[in-house]
Amino acid sequence: MHLKYKRAHKKTQEAMALTAQDSNIYKGMHPQLRKAQEKLKIITGHKHVRVVNSGNAAIMIVLNSLEGPILVPDQGSWSGVLKIADFLSKDLIKVETDKGLLSVDLLEESLNNIAENPQALFISSLAAYTAEQPILELANFCKDQEILVVEDASGAIGDPEKKLGNGKISNIILASTGSPKLVNVGSGGFISTDKQEILDKSSLLIRSFRSSPIIAAGIAQELEFAGDNYKKLSQATSYLKNRIKEVIHQKRSGTNLILPCSDPPRRAQELRSSLNVEGKNIITICPRYDRIEERAVCVEIKNLDPDCLNKKNLREISAVITDIMF
Ligand SMILES: Cc1ncc(COP(=O)(O)O)c(C=O)c1O
């Protein structure tokens, strides 16, 4: 079995190198930035897009523009949101989830216990990267409650089924395009919305966090592969979820396998040495806010090169996991 860590596509690397060599001086916005923003508008369906230099920059810009309390899942979302909200002195309210997965019932129950009127729900497309959130149902409910939906689509932008990262559903979409995200450029991020006022309120931050044309060129090119990559990664993960006995959120699509166990560090070490990945590590451990708050190991399928996820390798990954975990 030969597993490779995900890298930017060769065409993406070439597009970035070409932009780095471009010595032309452009008036106003660099053409590569314009190109990336126009492509992102097509993908999200929103009117306004700003490409910035990281996912955290996008989060800071959006949180800075929001006033009231912001709802976040009690686990399964990006921990940077908690730190940035703290830095900006924004009130967050954690809502109960089923191991990161939110439902309208759980959200309604939490709202019944909250005195304030939250302004927004800030949620990742995938709970712990392992389970698609029911974004449409949540967004319909939030619309009735006048709560904005902010979706961090770092793990699912370009979803060919348009359930995730869809601007017709979420009011604000943002994402990291760093490594090893779905749009895997090594750096960068973006914000997308129909709400001009969100961008206006943070215009100074948007200027401060602007992206280089090289990153923008990478995003514009890598977006061509995002839909296909998401499909391959989620299909491979579903295949493994169906073959492995005890996985969290077995029936839901995602790009990460989470396996509960009593001794995560030991199991993680065994998996790392058997799953021999060229490049970096794909095994992480829980409890932690970004995944689930209980003892488990994660096999981060999302970090693998989608092209190495053929049936033979998937059968071998499944055999290794079964052997070590059960
Ligand atoms: C879901 C999610 N959002 C945002 C970020 C932050 O992105 P960046 O590293 O580009 O600041 C990460 C980083 O891992 C993430 O997983």
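Look above for the structure.
None of the values given here were measured: they were computed from a predicted structure.

Scanning the protein chain from N- to C-terminus turns up 11 helices and 14 strands. The C-alpha radius of gyration computed for the protein chain amounts to 20 Å, which stays within 12% of the reference 20 Å derived for 326 residues, consistent with globular compactness. For the protein chain, the spread of C-alpha atoms along the principal axes amounts to about 60 × 55 × 35 Å. Across the 326 residues in the protein chain, those meeting the buried criterion constitute 57%. Surface summary for the protein chain: the accessible area is close to 14600 Å², and the carbon and sulfur share equals 47%. The positive charge centre, built from 43 side chains, and the negative charge centre, built from 39, are 7 Å apart in the protein chain.

Looking at the secondary structure, you find Arg34 in helix 2 (residues 31-44). Sequence spacing of Arg34 and Ala216 is 182 residues, and the spatial spacing of their C-alpha atoms is 8.4 Å.

With that settled, the discussion passes to helix 3 (residues 55-65). The element helix 3 is largely enclosed, with a buried count of 9 among its 11 residues. Residues of helix 3 that are buried: Gly55, Ala57, Ala58, Ile59, Met60, Ile61, Val62, Leu63 and Ser65. Between the side-chain oxygen at the start of helix 3 and the backbone nitrogen of Asn56 there is a gap of 3.4 Å, and the oxygen is on Ser54.

Our focus in this paragraph is the pattern of salt bridges. Tallying each qualifying case throughout the model produces 16 salt bridges. The salt bridge involving Lys201 is made with Glu67; its shortest N-O contact spans 3.7 Å. Here Glu67 lies in the loop between helix 3 and strand 3 (70-73) and Lys201 lies in helix 7 (residues 196-201), a separation of 134 residues in the sequence. Judged by its relative accessible area of 55%, Glu67 falls in the exposed class. Glu300 is paired through a salt bridge with Arg288; the nearest N and O atoms lie 3.6 Å apart. Of this pair, Glu300 sits in the loop between strand 14 (296-299) and helix 11 (311-325) while Arg288 sits in the loop between strand 13 (283-286) and strand 14, placing them 12 residues apart in sequence. Assessed through its relative accessible area of 1%, Glu300 is described here as buried. Overall, Arg288 belongs to the partly exposed group, its relative accessible area being 24%.

Turning next to the packing of aromatic side chains. Here the structure, examined in full by the defined rule, presents 0 aromatic pairs. Positioned above the aromatic ring of Tyr129, the side-chain terminus of Lys302 is 4.4 Å from the ring centre.

Conventions we followed
Each residue is numbered by its place in its chain's sequence as written, counting from 1. pLDDT decides what is reported in this predicted model: residues at 70 or higher carry local features, side-chain atom pairs at 80 or more are listed and counted, and totals for whole chains, interfaces and linings draw on all residues regardless. The side-chain quantities take in all heavy atoms of the structure and omit both hydrogens and water. Here a helix means four or more residues in a row that DSSP labels H or I, a strand means two or more in a row labelled E, and each is numbered from the N terminus. With C-alpha atoms as the basis for the radius of gyration, the globule rule is written as 2.2 Å multiplied by the number of residues raised to the power 0.38. Three labels apply to residues, based on accessible area from a 1.4 Å probe with only protein chains included: buried if under 20% of the type maximum, exposed if over 50%, partly exposed otherwise in between. Computed by Shrake-Rupley with a 1.4 Å probe, the accessible areas treat only the displayed protein chains as cover when residues are assessed. By the counting scheme adopted, Arg and Lys are positive, Glu and Asp are negative, and His together with the chain ends is not counted. Positions of charges follow a simple convention, taking NZ of Lys, CZ of Arg, CG of Asp or CD of Glu. Polar contact criterion, stated in full: a pair of N or O atoms within 3.5 Å, where within protein one must be able to donate a hydrogen and the other to accept it, and residues adjacent in sequence count only if both atoms are side-chain atoms. A pair is scored as a salt bridge if a Lys or Arg side-chain nitrogen falls within 4 Å of a carboxyl oxygen belonging to Asp or Glu. Centre distance within 6.5 Å is the pairing criterion for rings of Phe, Tyr and Trp, where only the six-membered ring of Trp is used; planes under 30 degrees apart are then read as stacked, over 60 as edge-to-face, and the remainder as tilted. Ring-over charges, as used throughout, are those where CZ of Arg or NZ of Lys falls within 6 Å of the ring centre and within 35 degrees of the ring normal.

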